Amino acid sequence: MNRRTVFFVLDQTGVTAETMGHSLLTQFDGLDFRQVTLPFIATTDKAVETVRKINATAAADGLRPVVFSTLVQEDLRSIVKRSNGLFLDFFDAFLGPLEGELQVKSSERAGRAHGIADQLVYSTRIDATNFALAADNGALTADYERADVILIGVSRSGKTPTCIYMAMQYGVYAANYPFTEDDFESKQLPTMVRAHTAKLFGLTIAPSRLQQIRNERRPGSRYASISQCDFEVRSAENLFHRHGIPSLDTTECSIEEIASRIIERKGIERRLRP
């Protein structure tokens, strides 16, 4: 009874439905969700096949599945609604009220949220992502003038995934630079970032969590020892305080939350909206 099948029925890749659906599911502790993604449901035949899969799962599980959907076209929504599942469609829930308020009929065009119809938006996302990859882990320091933000902190504190997420989701030009033993000994900011203090943002993490992460990468090493993790975290936090660099503890934060907090606290312009 604690296991439930969840379908994500999508007209395109499903970023919208999966993001919102996952957020809702996290509110139900103690339940195990088997998640099935069905992307590119754009024809009647595919909608009918989707209904067949949902109904077969309902019969096998003895419980009706939960169905999250972002089907824009009304005819496809109508087909999938007839399945033996709890049908939750984001467009169905919001388009009707919006049409009534705006007095305009929606276009029902699939794929607008994450397509490449807007070439400028697409190019911005690609350019920002390429910058994040090229400026990862202290590389491309000569191009820091282009950066909106430069994340600093100990190795494995979440700098790289946060930079890539900000680039892809918001078009933010994000670089990152890891502290080294020399930085901790000198108690000074690395020379490469010293000229860009206004762009710096620090990431820190609980030493125990850092040890877990590092031990997966290099088990049993000095790099992954609790004493080394504790030393590096304390030294990094001292550098943040000494130089007035804003920082965030990432121990209990998702990448999405880290990125949002950085953008808000630094006042960074979002070139793109998810």
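Everything numeric here is computed off the predicted structure, so don't read it as measured data.

So, how was this worked out
- Residues numbered from 1 in each chain as written.
- Predicted model: local features only at pLDDT ≥ 70, side-chain atom pairs only at ≥ 80, totals over all residues.
- Heavy atoms only, no water.
- Axes fitted to C-alpha atoms, helices over the stretch in contact; angles between N-to-C directions.
- Helix = DSSP H or I, 4+ residues; strand = E, 2+ residues; numbered from the N terminus.
- Parallel < 35°, antiparallel > 145°, perpendicular 65-115°, else oblique.
- Contact = heavy atoms within 4.5 Å.
- Nonpolar A, V, L, I, M, F, W, Y, C, P; charged D, E, K, R; others polar.
- Pairing = 2+ DSSP bridges.
- Salt bridge = Lys/Arg side-chain N within 4 Å of Asp/Glu carboxyl O.
- Buried < 20%, exposed > 50% of the residue type's maximum accessible area, 1.4 Å probe, protein only.
- Core = buried A, V, L, I, M, F, W, Y, C linked by side-chain atoms within 4.5 Å.
- Phe/Tyr/Trp six-rings, centres within 6.5 Å; stacked < 30°, edge-to-face > 60°.

**Q** What is the right way to read the packing of helix H5 (residues 119–134) against helix H6 (residues 159–170) from this model?
**A** Two numbers describe a pair of packed helices, the interaxial angle and the distance between the axes. Contact geometry for H5 and H6: axes closest at 7 Å, N-to-C directions at 170°. By the criterion of interaxial angle, the relationship of H5 to H6 is roughly antiparallel. Residues Arg 125, Ala 128, Thr 129, Ala 132 and Leu 133 of H5 lie in contact with H6, whose contacting residues are Cys 163, Ile 164, Ala 167, Met 168 and Gln 169. Residues that form the contact of H5 with H6 fall into these classes: 7 nonpolar, 2 polar and 1 charged.

**Q** Just checking my understanding: could you explain the sheet that holds strand S6 (residues 174–178) for this structure?
**A** Note: strands within a sheet are paired through backbone hydrogen bonds, in either parallel or antiparallel orientation. If you trace the 4 strands from one edge of the open sheet to the other, you get S6-S5-S7-S8, paired in parallel fashion. Of all strands in the sheet, those with a lone pairing partner are S6 and strand S8 (247–249), marking the two edges. Sheet twist, expressed as the mean angle between neighbouring strand axes with direction ignored, is 25°. With 4 bridges joining them, strand S5 (residues 149–153) and strand S7 (residues 200–204) adopt parallel strand pairing. Paired with Ile 152 across the strands is Gly 202, a residue of S7. Along the sheet face, H6 touches S5, S6 and S7 and points at about 175° away from the line of S6.

**Q** How should I be thinking about the pattern of salt bridges in this particular structure?
**A** A side chain with one charge may pair with a side chain of the opposite charge, provided their charged atoms come close. If you walk through the whole model with that rule in mind, you get 10 salt bridges. Taking the shortest distance from any N to any O, the salt bridge between Arg 146 and Asp 143 comes out at 3.2 Å. A residue is classified by how much of its surface remains accessible, and Asp 143, at 21% relative accessible area, is partly exposed. Salt-bridge contacts for Arg 222 lead to Glu 181; the nearest nitrogen and oxygen are separated by 3.2 Å. With Arg 222 in the loop between helix H9 (207–217) and helix H10 (226–242) and Glu 181 in helix H7 (residues 181–186), this residue pair connects regions lying 41 residues apart in the sequence.

**Q** Would you mind showing me how to read unusual backbone geometry here?
**A** Generally, phi is negative for residues other than glycine and the peptide bonds are trans, each holding for most cases. Residues other than glycine seldom take positive phi values, yet Gln 103 does so here, at roughly 60°. In this structure, Gln 103 sits in the loop between helix H4 (90–102) and H5. Given the relative accessible area of 67%, Gln 103 is considered exposed. The backbone of Arg 156 sits at a positive phi, close to 75°, despite the residue not being glycine.

**Q** Is there a simple way to think about the nonpolar core in this case?
**A** Taken as a class, soluble globular proteins show a tendency for nonpolar side chains to be buried jointly. The biggest cluster of nonpolar side chains holds 43 residues, and the ones touching the most others in it are Val 149, Ile 150, Leu 151, Ile 152, Met 166, Val 172 and Ile 262. Of all the elements in the fold, those that place two or more residues in this core are H5, S5, H6, S6, S7, H9, H10 and helix H11 (255–266). When near neighbours in sequence (up to four residues on either side) are disregarded, Leu 151 contacts Lys 159, Thr 162, Cys 163, Met 166, Ala 175, Asn 176, Tyr 177, Phe 201, Leu 203 and Ile 262. Counting 14 residues, the second-largest nonpolar core is a separate cluster that includes Val 9, Ile 41, Leu 76 and Ile 79.

**Q** How should the packing of aromatic side chains be read in this particular structure?
**A** Each aromatic ring pair is specified by the distance between its two centres and by the angle formed by the two planes. The tally for this structure, following the rule as stated, stands at 6 aromatic pairs. Summarising the aromatic geometry, the rings of Phe 8 and Phe 68 are spaced 5.6 Å apart at their centres and angled 15° between planes, so their arrangement reads as stacked. Taken together, the residues Phe 8 in strand S1 (residues 3–10) and Phe 68 in strand S3 (residues 66–70) connect sequence positions 60 residues apart. Both residues of the pair, Phe 8 and Phe 68, count as buried. Considering the side-chain rings of Tyr 165 and Tyr 170, the 6.1 Å spacing of their centres and the 75° angle between planes classify their relative orientation as edge-to-face.

This is a description of form; function is not addressed.
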